[in-house]
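Each chain, letter by letter, is given below.
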Amino acid sequence: MTTRAGTSVPTPESNRVPTPETVHRPAPWVRTRLRASPLAAVLMAALAFVTVFLAAAFPRVADRGADAALRDFVSQKGLNPTSLQTTSKTRDYDNAAELDRVQQQVTEKVGQQLTLSRPGLAHGTRALGDRGMGNPGYARISDANVPMLSLLYLHDLASRATLTDGTWPTPGTVGGPLPIVISKQAAQTIHIKLGDVIDNGVEGSGAQRNTVVVGLYRINDPQDPFWEDLGCPARACLNAAPQHEHWMTSGFVNGDSLAAMARWGSNAENFWRLPVDPASLRADRLDRTRNAISSFLTGPGATELIGATGRADLHSVSGLADILTRADERYQAALPLSTIGPAGVAGVATVVLCLAAALTTDRRAGEIRLLLARGGSRTGVLLRLTGEGAATVLPAAALATALAVVLLPTPRWGQSVLAALAAALLALLAFPVRAALLWSRRKAVGGRRRLVGELAVLVVTAAAVAEVRRRGVGTGGGLDPLLVAAPLLLAVTGGLLLARIEPVAVGWLARLAGRGRGLIGFLGLARAARDSSGRRKPSVLPLLALLIAVTTTGFGATVLDTVDHVRTRAARIATGGDIGVSLPDYATLPESFATAAAALPGVRASTGAWVEPKARFVGADQDYTDACLVVVDPAAYAEIARIVGVGEFDPAKLAAPGGRDTPVPALFSRDLARRLAAGPAEVRTPNGNGLRTTVAGIISATPALPDPGKPFVVVAAGPAWERLPDVKRINKWFAVGDVDPEQVRSTLRDNGGGQPSGIAKLIAEDAAAAGKATHGLPAGYTVHSSREAAAALADDPLQHAAGRLFWYAAAAGAGFALLAVLLTLFRAAPERSAVLARLRTMGLRPRQGLALILTEALPQTLAAALGGGLTALAAVTLLGGAFDISTLVGARVGDVITPTLVPVLLPTAGLALLVALAVAAETLVAGRRQIATELRAGEQA
């Protein structure tokens, strides 16, 4: 069969009715769009990933820092203050088994609400009275004071001590001496021998109290915190109380000798120590922990313990609740700085997401209008755009959140997930919302809507700043949102104001440049003053991103810089200078030390002084007040006071007039001022010598006593030494300058007046035995260094956590600000490339084209940097007084944050330089390629 050309022969298949399987289906929208712009999809997913990861990470970093700071703060307090101490009177039937039973019951009940540190658990019995050891031949510091013995029973002593001689104690026999074991080191010091029957005096009934030493032991780890508050088990300790100096040590009895030990000590007390594990504490559960502790002290928990143990006199005490309260106060004080940085990052990230949405909308504006023109509903188009974004944003957000949870483990996840969810929603909805504005722009009437919005932001900012200045830091507990939001609001207000001013200023500069002969400057500045549509309209979002980053970074850097300076000043005040030497009352610094120390490298000024803490101030009414007498060289001491900034005075005022009977000019503390109005006063030393004084000045503090606990009087050394021979010596030395404390210690060791003897030597040996660092100096000789004091104040995990979180946020904010600038360049790239291509055809050289791009892009960056720096200074000026920096300093101070140029200038200049380099790099790499593409347009036609 033949057919005409161009026709086909009907077949059975051609007559077949189409089935659902053979009907052509359009490709899914999301897959098609992602395949059409894979690079844009990848970049959006990357932006969402970074944003969500930071949103999820910052709360977790803050939580980890808060927990670490809390645990360190509690651990530093020691084992006993952080334990639940439970006690009960010893009964006649008490023994080791009974104490073990009570320990099990108490541990079970308390462990249900508090996590206990098993290695620190201890229980036993202690005699409530110490007894003398009157045996002849035992070591005595003075004839009147015999060595003292305290007795304890400690559960499982054998696991923490090693028996060196004899045996562990056995139960005592009726009427016989009580078997005990003591430390071998203590036995050597006091001259106790194995088998000695120690004479401990007589009981009230006249019966003899005796103990017999059946064994000697050695503590396995004398520095173990377990031994806190358990007497003196490792050695013989020295009681150095004046007129009552004596040796003392502890002995241990068998667990079946508790009743006999109670009779030996007139009474005995059972104790159960339950230390709370600091590693289990969490900053978000402080209230719950405090309530649990309070319950065991005086609440239902205490009743449960009494019922479980069957001991009605069971009583518990603990200092942990107060420690946790102080830790919570410290955390709340450091919280504003920890939050300002992340808040700034949130603001910059929001701007960047809006810029990315604007860039995507501009690129796809024609496509969206075409969809609407072909019958697509607005709701349908928005749903398609949202679905398209969900395919890229949601997987990236889920991966970022999971990564933050894995990399930064912490028990709390609520705030982290909420922050990640908010960031993911913003990244997902920014593009659809921006697209919706395409068909709602006609409803806007001029710039009224924008003006109303800017005025609203200005009013809110002014109200927030006024409220913060009025009431300061919130006192209701927790984070003060207003204090954290105020710097961010100031940055937003500054950005809006700069967006109004910058185009006008740049346009004015363009007109000035137009009068010259060059073309590049005029074209670049003229384009910088206009947006991509050619209208004079400020570009708000890039300015906001840069300004928020600069303002929050500058503000936080100023806070940290102020903290460093105040900490250094507080350390200098506490030291009395940059370096200081203190001696005990009985010692005197030789002249050779003062001469050698003054010649050390870095010493700017130095002086010695005599500080007599037991002097008395006698007023005209003959009523006396305990006071400190400070005898100094006026000129050198005044120079130190001036440099340190404490108790400054004119040394000429202390110049003594002639005559021994003439009152000596003196500086008085303020608490003595009211006593001076009654008439002449006199200062008397403990030896009974008196010094008549007259008022040369009133000061609140002095370097020798920077934070005095009682009144003081400062007099010149010359007249004081003439009239008070007993103060003609030096027991303190001060210096200012960059001085190495180790050199001062070495000089003190070489010129310290010889090695101690007598009680001073015993004190030194006792300190060394206790593991206290003496740096090779005699007992009581101390070298204070402001450098070391400042380092000790700064060695606080809470301070480190707050500062670390802020700098993390500053780096993230700078990265987002840089991205905002790059997005702005990419947004204007097509129009800019077309203009440059046209100019290239008119003879514009490539180097001039690159200079033109830089001239166009950099004014906004420089304006944002300058405006951000000024806004940061304004924020510090307006809000600095509302911040309590005592916690960050590490000491109670009254200083406020004041504007400082360098902390603001460094991050501002750094960010401006970073943005300028990014603009230059984008211009060199992407700009040249885009221009070349425009010039080759049409070559393939």
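Keep in mind the model is a prediction, meaning the values are calculated, not measured.

1. Focus on the overall build of the protein
Each helix and strand in the protein was counted, giving 26 helices and 21 strands. For the protein, the residues scored as buried account for 48% of the 941 residues in total. Look at the contacts in the protein between residues 6 or more apart in sequence, and 82% of them connect residues 24 or more apart. Put simply, the protein shows about 44800 Å² of open surface, and 58% of that area lies on carbon and sulfur atoms.

2. Digging into a nonpolar patch on the surface
Taken together, the side chains of L418, L421, L425, L429 and V433 present a nonpolar region at the surface, about 460 Å² in accessible area. Here V433 shows up in helix α11 (residues 414–436). On the basis of relative accessibility, which here comes to 51%, the residue V433 falls in the exposed class.

3. A short note on the packing of aromatic side chains
Each aromatic ring pair is characterised by the separation of its centres together with the angle its planes make. Taken as a whole and assessed by the stated rule, the structure comprises eight aromatic pairs. Seen in terms of ring centroids, F226 and W227 are 5.2 Å apart; in terms of plane orientation they differ by 90°. Their pairing is edge-to-face. Through successive ring pairs, a cluster of aromatic residues spans Y637, F649 and F734. Positioned over the ring face of F226 is R160, at 3.6 Å from the centre of the ring. Cation over ring: R273 sits above F226, and NZ or CZ is 5.1 Å from the ring centre.

4. A short note on the side chain of R412
As for its placement among the helices and strands, R412 is situated in the loop between α10 (378–407) and α11. Among the polar contacts made by the side chain of R412, one reaches the main-chain carbonyl oxygen of D63 at a distance of 3.2 Å. R412 has contacts with R60, D63, D67, R282, A283 and D284, leaving out every residue within four places of it along the chain.

5. Structural notes on empty space enclosed by the protein
Counting across every chain of the model gives three cavities of 30 Å³ or more. Roughly 70 Å³ of volume is contained in the largest cavity. The wall of the largest cavity is formed by A66, A69, L70, F73, A283, L286, A327, D328, R330, Y331 and L798. The residue makeup of the lining of the largest cavity, split by class, is nine nonpolar, no polar and two charged. Put simply, the second largest cavity is a space of about 40 Å³.

6. Brief notes about unusual backbone geometry
Positioned with a positive phi, D156 is a non-glycine residue whose angle comes to about 60°. Secondary-structure assignment places D156 in the loop between β4 (148–154) and β5 (161–166). Unusually for a residue other than glycine, S266 sits at a positive phi of about 70°. Along the chain, the position of S266 falls in the loop between α5 (258–264) and β11 (268–275). Judged by relative accessible area, which is 52%, S266 ranks as exposed.

7. Regarding the layout of surface pockets
Here the second largest pocket is characterised by a volume of approximately 740 Å³. Elements supplying a minimum of two residues to the lining of the second largest pocket: α2 (38–76), α8 (320–363), α11 and α23 (797–841). Among the elements that make up the lining of the second largest pocket, the one with the highest residue count is α8 (twelve residues). Its residues assigned to classes, the lining of the second largest pocket shows 22 nonpolar, eight polar and three charged.

8. Focus: the packing of helix α16 (residues 591–598) against helix α20 (residues 741–750)
Interaxial distance between α16 and α20 falls to 9 Å at its minimum, and their mutual angle equals 155°. By the angle class used here, α16 and α20 are roughly antiparallel. Considering only the axes of α16 and α20, their crossing is right-handed. Contact residues: F593, A596 and A597 in α16; V744, T747 and L748 in α20. In terms of residue class, the contact of α16 with α20 is built from five nonpolar, one polar and no charged.

9. Re the pattern of salt bridges
The full count for this structure, using the stated rule, is 22 salt bridges. Between K184 and D165 there is a salt bridge whose closest N-O contact spans 3.6 Å. With K184 in helix α4 (residues 184–190) and D165 in strand β5, this residue pair connects regions lying 19 residues apart in the sequence. Here the residues in one salt-bridge network are D63, D67, R282, D284 and R412, joined through shared partners.

10. Some details on α10
Between its first and last C-alpha, α10 extends 42 Å over 30 residues, near the 44 Å set by a 1.5 Å rise per residue. Along α10, the largest kink reaches about 40° and is centred on A390. What α10 keeps buried is the set V381, L385, E388, G389, T392, V393, A396, A397, A400, T401 and A404.

11. Quick word on helix α14 (residues 520–528)
Those residues of α14 not exposed but buried are I520, G524, L525, R527 and A528. Buried positions in α14, seen along its axis, are confined to an arc of 165° and lie on one side of it.

12. Here's the deal with the environment of V631
Along the polypeptide, V631 turns up in strand β15 (residues 624–632). Spatially, the C-alpha atom of V631 lies 8.6 Å from that of W721, the residues being 90 residues apart in sequence. Look past the residues within four positions of V631 in its chain and what remains in contact with it is G608, A609, W610, V715, A716, A717, A720, W721 and V727.

13. Here we look at the environment of A122
Summarising the element assignment, A122 is placed in strand β2 (residues 122–127). Placed 34 residues apart in sequence, A122 and D156 show a C-alpha to C-alpha distance of 8.8 Å.

14. Quick word on the side chain of T86
Mapped onto the elements of the fold, T86 is located in strand β1 (residues 83–89). Look at T86 and you get buried, because its relative accessible area is 0%. A distance of 3.0 Å separates a polar atom in the side chain of T86 from a polar atom in the side chain of S316. Not counting residues up to four positions away in its chain, the partners in contact with T86 are N270, F271, W272, L274, L314, H315 and S316.

15. Some words on the nonpolar core
Among the nonpolar cores identified, the biggest contains 61 residues, and V52, F58, V348, V352, F816, L911 and V915 are the most heavily contacted of them. When residues no more than four places from it in sequence are discounted, the contact partners of L911 are L546, A549, V550, A814 and A817. Counting residues in each nonpolar core, the second largest holds 51 residues, with L70, I182, A186 and A292 among its members.

16. Regarding the packing of α2 against α8
Direction vectors running N to C along α2 and α8 enclose 175°, while the axes themselves pass 9 Å from each other. What the angle tells us is that α2 and α8 run roughly antiparallel. When the residues that make up the contact of α2 with α8 are grouped by side-chain class, the tally is 18 nonpolar, one polar and three charged.

17. Points about the pairing of strand β21 (residues 782–785)
On β21, burial follows the alternation: V783 and S785 on one face are buried, whereas T782 and H784 on the facing-out side are not. Alignment of strand β13 (residues 579–582) against β21, held across four bridges, turns out to be antiparallel. Note on β21: the bridge partner recorded for S582 is T782.

18. Notes on the confidence of the model for the protein
Model confidence for the protein is summarised by a mean pLDDT of 82, while 86% of its residues fall at 70 or above. Residue range residues 1–7 is modelled with pLDDT below 50. Its contacts to residues more than four positions away, or to other chains, number one contact. In this model, residues 532–536 is a region of pLDDT below 50 whose contacts with residues beyond four sequence positions or in other chains number six contacts.

19. Comments concerning the environment of N220
Structurally, the position occupied by N220 is in the loop between β8 (208–219) and β9 (237–239). On the accessibility criterion, N220 (42% relative accessible area) is partly exposed. For the pair N220 and A158, spaced 62 residues apart in the sequence, the C-alpha separation amounts to 9.9 Å. Filtering out sequence-adjacent residues up to four positions away, N220 remains in contact with S159, R160, A161 and T162.

Analysis parameters
Counting restarts for each chain: residues are numbered from 1 in the order of the written sequence. Given that the model is predicted, a residue must reach a pLDDT of at least 70 before its local features are reported, and side-chain atom pairs must reach 80 or more before they are shown or counted; all residues, however, enter totals for whole chains, interfaces and linings. The side-chain numbers reported here are obtained from all heavy atoms of the structure, hydrogens and water having been left aside. Only DSSP runs of H or I with at least four residues qualify as helices, and only runs of E with at least two residues qualify as strands; both kinds are numbered from the N terminus onward. Exposure is judged per residue with a 1.4 Å probe applied to protein chains only, and the accessible area is read against the type maximum: over 50% gives exposed, under 20% gives buried, and values in between give partly exposed. Any pair of residues with heavy atoms lying within 4.5 Å of one another is described as a contacting pair. Residue burial considers only the protein chains on display, and all accessible areas are found by Shrake-Rupley using a 1.4 Å probe. Patch definition: residues with relative accessible area over 30% and no salt bridge; like charges joined within 9 Å; nonpolar side chains (Val, Leu, Ile, Met, Phe, Trp, Tyr) joined within 5 Å. Whenever Lys or Arg places a side-chain nitrogen within 4 Å of a carboxyl oxygen from Asp or Glu, that contact is recorded as a salt bridge. Here the aromatic set is Phe, Tyr and Trp, taking the six-membered ring for Trp, and pairing holds for ring centres within 6.5 Å; pairs whose planes are under 30 degrees apart are stacked, those over 60 apart are edge-to-face, and all others are tilted. Two limits define a charge over a ring: the Lys NZ or Arg CZ must be within 6 Å of the ring centre, and within 35 degrees of the ring normal. Contacts described as polar in this section are N or O atom pairs within 3.5 Å, which, within protein, must combine one atom able to donate a hydrogen with one able to accept it, while residues neighboring in sequence count only if both atoms come from side chains. Cavities and pockets are found on a 1 Å grid laid over the protein atoms alone: a cavity is a set of points where a 1.4 Å probe fits but cannot escape, a pocket is an open set with protein on both sides within 12 Å along at least five of seven lines, and a lining residue has an atom within 4 Å of such a point. Grid points are joined across faces, edges and corners, and a volume is the space filled by probe spheres set on the points. For this classification, Asp, Glu, Lys and Arg are treated as charged, while Ala, Val, Leu, Ile, Met, Phe, Trp, Tyr, Cys and Pro are nonpolar and the rest, including Gly, are polar. In this description, a line fitted to the C-alpha atoms serves as the axis of each element, helices being fitted only across the stretch in contact, and the angle between N-to-C directions of two axes falls anywhere from 0 to 180 degrees. With respect to orientation, any angle under 35 degrees is reported as roughly parallel, any angle over 145 as roughly antiparallel, any angle of 65 to 115 as roughly perpendicular, and every other angle as oblique. Handedness of a helix crossing follows the sense of rotation of the near helix relative to the far helix, less than a right angle counterclockwise being left-handed and clockwise being right-handed. Helix span is expected to be 1.5 Å times the residue number reduced by one. Two axes enter the definition of the bend at a residue: one is fitted to the seven residues ending there, the other to the seven starting there, and the bend is the angle between them. Summarising the geometry, the arc corresponds to the directions from the helix axis toward the C-beta atoms. Nonpolar core, defined: a set of buried Ala, Val, Leu, Ile, Met, Phe, Trp, Tyr and Cys residues in which side-chain atoms within 4.5 Å join the residues together. At least two DSSP bridges between two strands are required for those strands to pair. For every residue, the predictor assigns a confidence score, pLDDT, that lies between 0 and 100.

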